[in-house]
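# Observations on the model geometry
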Amino acid sequence: MAILVLAAIFFLGPLISAIRFSLEQTNGKDGLGNYTQLLHNAALGGSLVTSLEIAALTTAIMLALMLPTVVWVRLRLPRLALLVESISVLPIVIPPIVMAAGLATLQSHASAGLSNLIFSSPLTALTPVYVILAMPFAYRSLDVGVRAIDLRTLVDAARSLGAGWTTVLGRVILPNVRTAVLTAASLTVALVLAEVVIAETLLYTTYPVELVDTGQAQLGVAVALSVLSLAITWMLLLAISFIGNRGASRARIGRLL
Amino acid sequence: MSAVAVHLDGLTRRFGELIALDELDLDVAPGELVALLGPSGCGKTTALRLLAGFDYPDGGRVKVGGVDITDVPASKRDMGMVFQAYSLFPNMDARTNVEFGLRMRKQPSPERRARAEQVLGLVGLSAHAGHYPHQLSGGQQQRVALARALAIEPSVLLLDEPLSALDARVRAQLRGEIRSVQQRLGITTLFVTHDQAEALSIADRVGVMHEGKLEQIGTPEEVYERPATPFVAEFVGTMNRVAGRLAADGRLEVLGASLKASGPQSRAAGELVEVLVRPEALEAVADPNGHATVAERTFLGSFTRMRVTLDDGSELLIDAASRRGLPEPGVRVSVRATGEDALVSGSAHGLTPAAP
Amino acid sequence: MGSVAVLEQSLPEDPAARRRRGIPRGAWVGIVPFTLYVLVFLGGPLYEVIYGAFTTTGGSLTWHNFSQTFSQPEYRSAFEESLKISVVTSLLGGFFGVWLACAVVTAGPRSPLRRIVGSGAGVLAYFAGVPLAFAFIATLGRYGEATTLLGHVGIDLGASGFDISSLTGVELAYVYFQVPLMVLLITPALEGLRPEWREAATGLGASTFGYIRHVAAPVLAPAILGGLLLLFGNAFAAYATSYALVGIYVNLVPGWIQQLISGNVLVDENGIGLALGVEMIVVIAVVMVAYGLLQRRATRWLR
């Protein structure tokens, strides 16, 4: 159990330090001044809105692209499951900085038309590549969810009762893989709110980029926001672990029946 | 190897509030196979684990061959254990698995190998010595597990539901093989199971356990034909509950027959009691004036089971040797007890004496 | 922070998949959108990197960019530092991660400790990045809490030569996400160790050490080795934390790539940055292939 104490010191130490640090205000008194900066600092607020927009769009595209693919592969192309999964984890092999280098080169070579279409706004420039970055996480979460249910039987049953494909996907499959969809979406949002390398290299001011910049002048504010980010992400994952557990046990019971 | 006796003396084990084992006494004679039978949570596995040394009793002693081993750690107890499933080491092939115990006993390699080949031969798996567990079927895995347990020439063989993860056909076959190997080696064996057919078919004696206690121990025939308690009667085989009336001479009037009463005898003559009767100890004969109707008839191979509804609404199960001319569903029948004795289980609450 | 570690649990292959032969006619249409998307948005940037690394600005084929990365001392030094930090932090992370995971697994699958460590490890392993850097600055930076605390007891961290905005600081911060990553990677394998194995070994006369040596260690070995490989790749690809801690002038390969392609050095050295990028991809691809091979071994036993 020595390791638990050691781990507690090593892992909680910086977190507690960060919390204490974030509560120290410039006026010398302790308080939440650093936290309320998010509301007063227009640059930070603006960048957060940008990042949330990107997160929402990324999640939407990711789900629209991946869920039908996962279902289709499990249903009609089981022989290609391994291949498609391998493709989905390809982004892992390419470090974010290399991805950024490729995009930066593309950006500098791009024609005026392409530039206007894509690179003029962080929303259009970053979203497509963030979907790629989210793919390995998302594909796996969705695949795990889809495999936990007896997809073929569900679809056959729904089809034999007269349901069309849209009904099957929307009213039969989706409710049964809710947990997996939620997990995939949460991981995607967390990823977008944490990604700094590509945005910084392509010179877009997203929330994490602005966070690093803020750290140069107002360290207290940056630390406060870091504490906030970690806390929110952690609560998100904790919630998933509870929901996920319930879902998993239901899936297991379902299999026994 | 010479067989040894096992003696469990007042073994008690508690898990918090739950008393898993309540002063269990059990004697196993040298070379005998005793099956501990009971529903899950009855304490049978706890008893086995205490004997193996994986768990420590809160009270009582464990003796093997007259020696008290209660405080001996599991690794020094010299017992061969076969688990329910998946107990083979996945990183070793069958032969290496079997050799493991001998390796721990620092036996030289050639002897180890020879012994492993020998026991694998005993369980009919010589050809699979080089296979890894994931390459073996469930039945083969359990054979290797048995060989591994036997390789160390254990004083006692412990089998913890070794067949319950297998499908029916393999189960029956392996059951027979375990029994024949056990008899050939004359090894004292404790076999834990929740399957009454398994216990009855394999054991010299069957001990039926219920809530941490041994309800009855006896030969399979004794346990089946003369269950000591209502729990044993209902757990082993199928039972009907019918009403009967005690007669003066210790006999029992049930369904128009006079049977010898067994079970609690502290009742007055003339009292209405609940009686347990096996389906095969009842007979249904087509009779337009009978007081029952066949509700369902199920062909089960050598015998046929009928569900019969009495006119008072109660139901009975009746087994008859399969033959032509058994009453069809819907036919009126009269029901008669054909056995010689019957077990009284208690007062007949809500039961009315069935007319013959 | 790389997403290398997502390979966390490998999905066993669907046995039904092998039995069904052939691909239903027209069924491939269903994966066209997905494939096209990957081709354009992953293939596009990747093509730019590879094309740019192998060509001059004029468009003719060249090996110059690569030979520069091998001959110039600054790039070699960055590569060495990157490899070193990856090896050191993956070994440290691996060691403490396995140790911690053992302690957590023994607490039982539904214990609160398990949930808290599990989800906490998820945050730190995958999404810590920039916030992690700031937490370290708040702790061990010039005005950090620990620095101040140590100052009170007479230890001057600054004078001792320690600087959180240095490679040592980066190393420390990397360990902070490597340990939880190893916990996530190794937990399924630890859970795969069946209690029956231990009891069977004990019953056959093995001591605890004998069980670990002959059964637990060999069974876990592929998973631990695989985990170490992923940790290595993860540290090698990571950049966000070191960027927030040190900035782009950190002597690691990603730092140099960013300097080179942002034109912060000299004009026309874009190609060298891209060549470094290709080299990074090659290193990680090799690691991933080795991981894949090990994983097949690991899951073969733990089915």
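The rules behind the values
- Residues numbered from 1 in each chain as written.
- Chains lettered and ligands numbered in written order.
- Predicted model: local features only at pLDDT ≥ 70, side-chain atom pairs only at ≥ 80, totals over all residues.
- Heavy atoms only, no water.
- Helix = DSSP H or I, 4+ residues; strand = E, 2+ residues; numbered from the N terminus.
- Buried < 20%, exposed > 50% of the residue type's maximum accessible area, 1.4 Å probe, protein only.
- Contact = heavy atoms within 4.5 Å.
- Areas by Shrake-Rupley, 256 points an atom, 1.4 Å probe, with all protein chains shown as cover.
- Pairing = 2+ DSSP bridges.
- Axes fitted to C-alpha atoms, helices over the stretch in contact; angles between N-to-C directions.
- Parallel < 35°, antiparallel > 145°, perpendicular 65-115°, else oblique.
- Left-handed = near helix turned anticlockwise from the far one by under 90°.
- Buried area = accessible area lost by both parts, 1.4 Å probe.
- Salt bridge = Lys/Arg side-chain N within 4 Å of Asp/Glu carboxyl O.
- Polar contact = N/O pair within 3.5 Å; in protein donor to acceptor, adjacent residues only side chain to side chain.
- Arc of directions from axis to C-beta.
- pLDDT = per-residue confidence, 0-100.
- Nonpolar A, V, L, I, M, F, W, Y, C, P; charged D, E, K, R; others polar.

### Description of the overall build of chain C
The helix and strand tally for chain C stands at 14 helices and 0 strands. Classification of the 303 residues of chain C by burial places 55% in the buried group. In chain C, the share of contacts with a sequence separation of at least 24, taken over all contacts with a separation of at least 6, comes to 74%. Total accessible area computed for chain C in this model is approximately 13,000 Å², and 66% of it derives from carbon and sulfur atoms.

### With respect to the overall build of chain A
Broken down by element type, chain A carries 13 helices and 0 strands. Reported as C-alpha extents along the three principal axes, the dimensions of chain A are approximately 70 × 60 × 35 Å. Per-residue burial for chain A yields a buried fraction of 51% across its 257 residues. For chain A, long-range pairs separated by at least 24 residues make up 73% of all intrachain contacts whose partners lie at least 6 apart in sequence. For chain A, the exposed area adds up to about 11,500 Å²; of that, 68% sits on carbon and sulfur atoms.

### Description of the arrangement of the chains
Looking across the 2 pairs of chains in contact, one finds the most contacts between chains A and C. For chain A and chain B, which are not in contact, the least C-alpha distance works out to 15 Å.

### Comments concerning the sheet that holds strand S1 (residues 6-15) of chain B
Residues and elements named next belong to chain B. A sheet is described by the order of its strands in space; here 4 strands give the open sequence S2-S1-S4-S5, paired in antiparallel fashion. Each edge of the open sheet carries a strand with a single partner, namely strand S2 (18-28) and strand S5 (67-68). Across 2 bridges, strand S4 (residues 59-64) lies against S5 in antiparallel orientation. If you follow Val64 over to S5, its bridge partner there is Val67.

### Considering the packing of helix H6 (residues 112-127) of chain C against helix H9 (residues 167-192) of chain C
Residues and elements named next belong to chain C. Taken N-terminus to C-terminus, the directions of H6 and H9 make an angle of 130°; their axes are 8 Å apart at the nearest point. One finds that H6 runs oblique with respect to H9. The way H6 lies across H9 gives a crossing that is left-handed. Between H6 and H9, the residues in contact are Arg114, Val117, Gly118, Ala121, Gly122, Leu124, Ala125 and Tyr126 and Tyr176, Phe177, Pro180, Leu181, Val183, Leu184, Thr187 and Glu191, respectively.

### As for the interface of chain C and chain A
Residue-level contacts link 82 residues of chain C with 89 residues of chain A. Between chain C and chain A the total buried area reaches about 7,600 Å² when both faces are included, carbon and sulfur atoms providing 77% of it. At the boundary of chain C with chain A, the tally comes to 1 salt bridge. Taking the shortest distance from any N to any O, the salt bridge between Glu145 of chain C and Arg20 of chain A comes out at 3.4 Å. The interface formed by chain C and chain A contains 6 residue pairs in polar contact (both at pLDDT 80 or more).

### Focus: unusual backbone geometry
All names here are of chain B. Here Glu161, not a glycine, exhibits a phi torsion of approximately 45°, which is positive. Among the secondary structure elements, Glu161 is positioned in the loop between strand S7 (156-160) and helix H5 (168-185). Residue classification places Glu161 among the buried positions, given a relative accessible area of 8%. With phi around 50°, Glu211 is a residue other than glycine that occupies positive phi space. Take Glu211: it is sitting in the loop between strand S9 (205-210) and strand S10 (213-218). When its relative accessible area of 60% is taken as the criterion, Glu211 is described as exposed.

### Overview of the interface of chain C and chain B
With 17 residues of chain C in contact, the opposing surface of chain B contributes 22 residues. Carbon and sulfur atoms supply 66% of the area that chain C and chain B bury against each other, a total of about 1,900 Å² over both sides. If you sort the residues of chain C by the area they bury against chain B, Glu199, Leu204 and His214 of chain C come out on top, with a joint share of 35%. Where chain C touches chain B, the interface holds 1 salt bridge. The salt bridge partner of Arg49 of chain B is Glu199 of chain C, with a shortest N-O separation of 2.5 Å. Where chain C touches chain B, the interface holds 6 residue pairs in polar contact (both at pLDDT 80 or more).

### Brief notes about helix H10 (residues 195-203) of chain C
Within H10 of chain C, burial applies to Trp197, Glu199, Ala200, Ala201 and Gly203 of chain C. Taken together, the buried residues of H10 of chain C touch helix H1 (44-52), strand S6 (79-82), helix H2 (94-104) and helix H4 (138-151) of chain B together with H9 and helix H11 (208-237) of chain C. After H10 of chain C finishes, the residue Gly205 of chain C shows a positive phi value of roughly 105°.

### Some points on the pairing of strand S11 (residues 240-246) of chain B
Residue and element names in this part refer to chain B. Most of S11 sits out of view: 5 of its 7 residues are buried. Note that S11 and strand S14 (residues 272-277) share 6 bridges and pair antiparallel. Its bridge partner being in S14, Gly244 is matched across the sheet by Val273. Relative to strand S12 (residues 251-254), S11 runs antiparallel, the two being bridged by 2 bridges. In the sheet register, Arg245 faces S12, and the bridge partner there is Glu253.

### Comments concerning the sheet that holds strand S3 (residues 33-37) of chain B
All names here are of chain B. In space, the 6 strands of this open sheet follow the order S6-S7-S8-S3-S9-S10, with mixed pairing throughout. Across the chains shown, the open sheet's two edge strands, defined by having one partner strand only, are S6 and S10. In this sheet, neighbouring strand axes are inclined to one another by 20° on average, regardless of whether the strands run parallel or antiparallel. Pairing between S3 and S9: 4 bridges, direction parallel. Bridge pairing in S9 links Val34 to Arg205.

### Digging into the pairing of S7 of chain B
Residues and elements named next belong to chain B. Here S7 lies mainly inside the structure; 5 of its 5 residues are buried. Relative to S7, S6 is paired through 4 bridges, and the arrangement is parallel. Bridge assignment links Gly80 to a residue of S7, and that residue is Leu157. Alignment of S7 against strand S8 (residues 188-193), held across 5 bridges, turns out to be parallel. Within the sheet, the bridge partner assigned to Leu158 lies in S8 and is Leu190.

### Some thoughts on helix H2 (residues 33-40) of chain A
Side chains of residues three or four places apart in an α-helix project in the same direction, reflecting 3.6 residues per turn. Residues and elements named next belong to chain A. Every buried residue of H2 is accounted for by Asn34, Tyr35 and Leu38. Projected onto a plane normal to the axis of H2, the buried residues spread over an arc of 115° and lie on a single side. Across H2 from its buried face, at more than 90 degrees, point the exposed residues Leu39 and His40.

### Focus on the pattern of salt bridges
Residue and element names in this part refer to chain B. This model, assessed by the stated rule, comprises 25 salt bridges over all chains. Ionic pairing is found between Arg13 and Asp55, a salt bridge with its closest N-O pair at 3.0 Å. Taken as a pair, Arg13 in strand S1 and Asp55 in the loop between H1 and S4 lie far apart in primary sequence, 42 residues in all. A relative accessible area of 14% means that Arg13 is categorised as buried. Of the charged contacts, one joins Arg143 and Glu177 as a salt bridge, the two residues approaching to 2.6 Å between their closest N and O atoms. Residue Arg143 is located in helix H4, and its partner Glu177 is located in helix H5; the two are separated by 34 residues in the primary sequence.

### Some details on the confidence of the model for chain A
Residue and element names in this part refer to chain A. Per-residue pLDDT for chain A has a mean of 85; in total, 94% of the residues score no lower than 70. Confidence, expressed as mean pLDDT per element, reaches its minimum in chain A at helix H13 (residues 219-256) with 68 and its maximum at helix H11 (residues 197-201) with 93. Note that residues 247-257 has pLDDT below 50 and, in this model, 7 contacts with residues that lie over four places away or in other chains.

### Focus: the packing of helix H2 (residues 32-41) of chain C against helix H3 (residues 43-54) of chain C
All names here are of chain C. Remark: H2 packs on H3, axes separated minimally by 3 Å, with the N-to-C direction vectors making an angle of 30°. Here H3 runs roughly parallel to H2, going by the angle between their axes. Note on element contacts: H3 touches H2 through Gly43, Gly44 and Pro45, opposite Val38, Leu39, Val40 and Phe41. Per-class residue counts for the contact of H2 with H3 are 5 nonpolar, 2 polar and no charged.

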